[in-house]
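Working through the structure, step by step
These are the residues of each chain, in order.
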Amino acid sequence: MSAAELVERGRRAFNEGRREEARRCWGEALALDPGNEQVRAYLLNLAAVPAPSATLPRPGAPVPLPGPAQGEAEPRRPRSERAEASAPVPLPAPERDWLRSPVTLPPTGSPLHAEGSLAAAPSAPSSDPFAPPPPERDTLSDYAPSPWGQGPTEPPPVVLAEGGGLDLSSVDEQSGIRPLVPQGGPARGPSGVPGGPNEIEVWMQGARELFALGDFSGSLELIERILKLQPGHAEAREYLQQNESTLIAMYESKLGPPGAIPRLAIQPEEVMWLNLDHRAGFLLAQIDGTVNYEDLFALSGLPRLDTARILAALLQQGVIS
Amino acid sequence: MSSGQGPVIGIDLGTTNSVVAAVIDGVPRVIPSRSGQLLTPSVVAVAKNGKRLVGQIAKRQAITNAENTVYAAKRLIGRRWGSREVEDARKALPFQLVPGPESNDVRVQMGERVFTVPELSGLVLAELRADAEAFFGCPVERAVVTVPAYFNDGQRQATKDAGRIAGLEVMRIINEPTSAALAYGFGRTIEKKVVVFDLGGGTFDVSILDIGKSVYDVVGVGGDTYLGGEDFDRKVMDWLTFAFAQENGGVDLRADVMALQRIKDAAEKAKCELSAAPVANIHLPFLLGGGEGRPALHLERQLPREQLEELTHELVARCIAVTERTLRDAGVRPAQVGEVILVGGMTRMPLVQRAVKEHFGREPSRGVHPDEVVALGAAIQAHALAHPHQGATEVLLLDVTPQHLGIMLVGGYFQTIIPRNTTVPTSATHIFTTSLDGQTSVRIAVMQGASEKANENELLGEFVLAGIRPAPRGQVEIEVIFEISADGIVGVSARDLSTGQRQSITVTATSGLTEDELKRIMDENLDELLEKKQSSGELERRREATERLVAEIEALVPAVTTSLARSRFGKDAVVKAEAVVQRARAALQARDVAQLAALDEQLERTLQLFRGLSGGVAGQEGR
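Below is a short write-up of the structure. (Residues numbered from 1 in each chain as written. Chains lettered and ligands numbered in written order. Predicted model: local features only at pLDDT ≥ 70, side-chain atom pairs only at ≥ 80, totals over all residues.)

Digging into the overall build of chain B
- Counting its regular elements, chain B contains 13 helices and 27 strands.
- Counting only residues that meet the buried cut, chain B has 46% of its 623 residues in that class.
- Nonlocal contacts in chain B, meaning residues at least 24 apart in sequence, comprise 66% of its contacts between residues at least 6 apart. (Helix = DSSP H or I, 4+ residues; strand = E, 2+ residues; numbered from the N terminus. Buried ≥ 20, exposed ≤ 12 C-beta atoms within 10 Å, placed from the backbone. Contact = placed C-beta atoms within 7 Å.)

A closer look at the overall build of chain A
- Within chain A, the regular secondary structure consists of 13 helices and zero strands.
- Secondary structure elements in chain A, listed N-terminal to C-terminal, are α-α-α-α-α-α-α-α-α-α-α-α-α.
- Classification of the 321 residues of chain A by burial places 42% in the buried group.
- At a minimum sequence separation of 6, the contacts of chain A that also span at least 24 residues come to 66%.

Section: unusual backbone geometry
Residue and element names in this part refer to chain B.
- One non-glycine residue, D25, adopts positive backbone phi at about 55°.
- Here D25 shows up in the loop between strand 2 (17–24) and strand 3 (27–30).
- Judged by C-beta crowding, with 6 C-beta atoms within 10 Å, D25 ranks as exposed.

Remarks on the pairing of strand 27 (residues 502–507) of chain B
Residues and elements named next belong to chain B.
- Sheet analysis places strand 26 (residues 490–496) next to strand 27, joined by six bridges and oriented antiparallel. Bridged to V490 within strand 27 is V507.
- Between the end of strand 26 and the start of strand 27, which pair antiparallel, lie five residues, with G500 showing a positive phi angle near 80°. (Pairing = 2+ DSSP bridges.)

Focus on the pairing of strand 3 of chain B
Residue and element names in this part refer to chain B.
- On strand 3, burial follows the alternation: P28 and V30 on one face are buried, whereas V27 and R29 on the facing-out side are not.
- Where strand 2 and strand 3 come together, four bridges link them in antiparallel fashion. Opposite A22, over in strand 3, you have R29 as the bridge partner.
- Hairpin connection from strand 2 to strand 3: two residues lie between these consecutive antiparallel strands, with D25 at a positive phi of about 55°.

Some details on the environment of Q415 of chain B
- Its location among the elements puts Q415 of chain B in strand 21 (residues 413–418).
- Exposure remark for Q415 of chain B: the 15 C-beta atoms within 10 Å place this residue in the partly exposed category.

Observations regarding the sheet that holds strand 10 (residues 113–116) of chain B
Residues and elements named next belong to chain B.
- If you walk across this open sheet you meet the three strands as 8-9-10, and the pairing is antiparallel. The open sheet terminates on both sides in strands that have one partner only, identified here as strand 8 (96–99) and strand 10. Averaged over neighbouring strand pairs, the angle between their axes works out to 40° when direction is ignored.
- The sheet strands contacting helix 3 (residues 117–136) are strand 9 (106–110) and strand 10, and the helix crosses strand 10 at an angle near 80°. (Axes fitted to C-alpha atoms, helices over the stretch in contact; angles between N-to-C directions.)

Quick notes on the sheet that holds strand 23 (residues 442–449) of chain B
All names here are of chain B.
- As summarised here, the arrangement of the four strands in space is 21-20-23-24, forming an open sheet in which the pairing is antiparallel. At either margin of the open sheet sits one strand with a lone partner, and together these are strand 21 and strand 24 (458–465). Neighbouring strand axes in the sheet, compared pairwise and without regard to direction, differ in orientation by 30° on average.
- Looking at chain direction, strand 20 (residues 404–409) and strand 23 are connected through four bridges and run antiparallel.

Here we look at the nonpolar core
Residue and element names in this part refer to chain B.
- Within the largest apolar cluster, 180 residues are counted, with the highest numbers of intra-cluster contacts made by I9, A21 and I341.
- Here this core takes 10 residues from helix 10 (residues 373–386), the largest share from any one element.
- Excluding residues within four positions of it along the chain, I9 makes contact with V20, A21, A22, A132, V140, A143, A379 and A382.
- Ranked by size, the runner-up nonpolar core spans 21 residues in total, among them V442, I478, V480 and V492. (Core = buried A, V, L, I, M, F, W, Y, C linked by C-beta atoms within 7 Å.)

Describing the packing of helix 10 (residues 234–255) of chain A against helix 13 (residues 304–316) of chain A
Residue and element names in this part refer to chain A.
- It is the contact of helix 10 with helix 13, at a shortest axis distance of 9 Å, that shows an interaxial angle of 35°. Where helix 10 crosses over helix 13, the handedness of that crossing is left-handed. Contacts between helix 10 and helix 13 involve E244, L247, I248, Y251, E252, K254 and L255 from the first element and R304, L305, A308, R309, L311, A312 and L315 from the second.
- When its residues are assigned to classes, the contact of helix 10 with helix 13 shows nine nonpolar, no polar and five charged. (Left-handed = near helix turned anticlockwise from the far one by under 90°. Nonpolar A, V, L, I, M, F, W, Y, C, P; charged D, E, K, R; others polar.)

Some words on the packing of helix 12 (residues 293–300) of chain A against helix 13 of chain A
Residues and elements named next belong to chain A.
- In the contact formed by helix 12 and helix 13, the axes pass within 9 Å of each other and the chain directions differ by 130°. Put simply, helix 12 runs oblique to helix 13. Crossing handedness for the pair helix 12 and helix 13: right-handed. Only R304, T307 and L311 of helix 13 make contact with helix 12, whose side of the interface consists of Y293, L296, F297 and S300.
- Residues of the contact of helix 12 with helix 13, tallied by class, amount to four nonpolar, two polar and one charged. (Parallel < 35°, antiparallel > 145°, perpendicular 65-115°, else oblique.)

Below is the structure:
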């Protein structure tokens, strides 16, 4: 299934109240298309919105799609219908905006969370997923503490059998990693300021949340930001390793056996019409039907994660097979 | 192949590319690599992910990982640290050269490890050996290896050591031009002067052979160790980067290693194409990042053959000049040359062929494959050595001393005893006298080289003749005898003619590696080989275990599906189990031991779960 189909399936599931399925679909879509900010925004908002029982007054009631999507096509439903269906959920800006200013998410219990208040809050993010992103906030004082501080609202991943049973987490299967942090646990303050909502702690908390949600790329981005400021941040380093190994395992599982030889699946003259960067161009130039994936990792000169990500994307786009 | 000792191979260990061949059913043939290529780049690398790469893969990351990629190790093999050749190499090569700990040889730093040069060449030879073993399906342990005719004894010994490191018994080292002529003369009688014009990837060698009645006599050698196909590539690369800069506001591609690697590959490919086609199209999409969010830049260019010839005519002229000088040194006029054998991929270039034709006044031979001919000759020689009593005609190879051999005289001068181009085996005698009154001992320094100054030549060994009769200077006669065996071993003896006091030395060429070091490296290689064999056993064990688990799981799927038909979790479990099984199958196909090991526990847990669930079904059904 393509990333777009997974996104759509996730949206349908979300609208029908199947949050777990929505999250899984979007998580898979993000794994296929890590640069898809729309999916990231959905996942981010999924973490921020109240638990399903709170947002779903009755089974089957329409629930708004979380988060806006930039540049997306016109919705199928008329605007009026959307307005009716909208529930009062906080809608985050696209992730990159959130990354710039982590406090743009409205807090739980703010006026934006009051039922029916959405239309009355012109500066608030629109419930319309296709609306432009909300304006960025400049000061911390505009909002209460980040909702990330409250910990995840979702239950831990389903495990069929305790101790020796089948672990259903596909991530676990792929990488052998174990859950890092007990979900819902208290946030640790890397800066040493107990409970202080400083930027690094907010990022760290965001990274934990995204990791728990399966958005390893998003988590990795935050971790890298933290490590840029605090290279010795122990927890961030741990998350860095876990995120990277998980992502590598995910991408590599899409590629297939390391000894498999990828081949160009399009005509060479069609390559020119793709939308690639020069690193993808370099890797694509090495794929000549004689080099296997493991050799591509060796000769790319790029970090393994980047190589795996690019190759998985090329495979996903049908450029290679 | 019927000797009972396994197949024997001939190896052309080139500066840029290497080739392995064997005589199969009486016909010399090149053995393709496991990936189907006939040429194996003589490149060794340690990739950024720590993986050791040899051959084509190593070459393809030579620019992006320049400091950890070694090419042209042949220029360094058997050389001494501080020699002119090594100093030249240090200026030209991007990887780091370091001196050896004691023996003053040159070594290469790659990553955390220091490699000896024979070790690096040994890795290339080991790759070729593995290709041959894959081809024959049995172990290959003996080989004839070729070297340039000008290689000195140290370099030849270093090449032999490289063979030992690769697990090969080097039956004989033969000169490349001799080998080429051997392949050229295979199955026919030739009696004429032959010039071997060898323009390879990194070096140019020209040799003159006098062939008569199966005797291949190298009568002259010359060349340029820094002139080859890579210089032609560089001209094309410069042309491309200049054109790209003109079209893109002065952007210099050379600043980006990925772009440069692609430019290099494209330049080489275009150059090869132009040997057969009048125009080469160069398409390099997404070559360079556009910067600041702009799209990546492409390079699209046509290179006509005339343009290539204009760019490289100066290089071809250099080859002809070297050829002219070599002929002059050997006292051979172009008109006396009965055949010109072209060797090396670059000789396919029409401009080169035209230049050769113009110089010699005759068409060069087209009967031999320029890339393969040297390896084929080595294979013929290997076959002849391995099967002397099975009807194979032993070809008599007469090689010559590549450089003058002599001793150091008072004042630091070099006295030649055996001049270069002397056919071996040979011996020569020279009488010297003492230089001091009452002198009772004399130092004999055995040297090899072309310079009149002793310190510019290579010291092969030295000894002291003591117990000389004390007498005024010039009155004691010392006889110095040089002997060179067919294997190239130099024996030097000195004798006081009046007392009969005698001292001698056998100059055993040294590669720079001590015997202990060589053994250590060979032990390491053996360990690696054992590891490979062990991992092969491990793979079989894992394969059996995985196949058993997969079969058991699949057998239980219907029962589990029935058991959990109404459970959402149950369905999910089956789907997940299928995913695990699929990954296991992929790992089996890829022979990935690590992945099989990683999946083992998951398969085991899945099986346990399925047994429990299917037991439930049985229980329910039983009720």
